[in-house]
Amino acid sequence: MLSPHELSTLMLVRSAPDQLDMTRIELDTLLECQLISLETRFGERRRPTLTPAGVSLLDAAARLTRRRGREEAAWGEEHFA
């Protein structure tokens, strides 16, 4: 199970990999879990990239968040209508 810091780092890899501090300790865990990989492009510094497993994890988390939002909205309509 990922910690909140590891999950937020994974989200940063998806949305802003060039702005990520490469000394973050969470990157080691994400590499070990094979959720990210490090790529070197044309002599640039190493850049984190999501693996297919990392993409799947974030997509699943997004689906759960959307589902929870719909359930909370439906609950509110039932109780406050």
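Along each chain, residues carry numbers from 1 onward, in the same order as the chain's sequence is written. The predicted origin of the model limits local features to residues at a pLDDT of at least 70 and limits the giving and counting of side-chain atom pairs to 80 or more, whereas totals for whole chains, interfaces and linings rest on all residues. The side-chain figures draw on all heavy atoms in the structure; neither hydrogens nor water molecules are used.

Scored by pLDDT, the protein chain has a mean of 86; 83% of the residues are at 70 or more. Every residue carries a pLDDT, the predictor's confidence in it, which falls somewhere between 0 and 100. By definition, any uninterrupted DSSP run of H or I lasting at least four residues is a helix, any uninterrupted run of E lasting at least two residues is a strand, and each is numbered from the N terminus. Taking the mean pLDDT of every element in the protein chain, the minimum, 78, falls on helix H3 (residues 52-80) and the maximum, 96, on helix H2 (residues 26-32).

We now examine helix H1 (residues 4-15). Along its 12 residues, H1 runs 16 Å from first to last C-alpha, staying within 8% of the 16 Å computed at 1.5 Å per residue. Taken as a whole, H1 has its buried residues at Glu6, Thr9, Leu10 and Val13. Looking straight down H1, one finds that the buried residues subtend no more than 105 degrees of arc, so they occupy a single side. For H1, the exposed residues lying more than 90 degrees away from the buried face are Pro4, His5 and Ser15. For a helix, the expected span equals 1.5 Å multiplied by the residue count minus one. Exposure is judged per residue with a 1.4 Å probe applied to protein chains only, and the accessible area is read against the type maximum: over 50% gives exposed, under 20% gives buried, and values in between give partly exposed. Read the arc as the range of directions from the helix axis to the C-beta atoms.

Moving on to the nonpolar core. Membership of the largest hydrophobic core is limited to nine residues, which are Leu10, Val13, Leu20, Leu27, Leu30, Leu35, Ile36, Leu50 and Leu58. For this core, the secondary-structure elements that each account for two or more residues are H1 and H2. Only heavy atoms enter the contact rule, under which two residues are in contact if any of them lie within 4.5 Å. Discounting residues that sit within four places of it in the chain, Leu20 has contacts with Thr9, Leu12, Val13, Leu27, Arg45 and Pro48. Take the buried residues of types Ala, Val, Leu, Ile, Met, Phe, Trp, Tyr and Cys, join any two whose side-chain atoms come within 4.5 Å, and each joined set is a nonpolar core.

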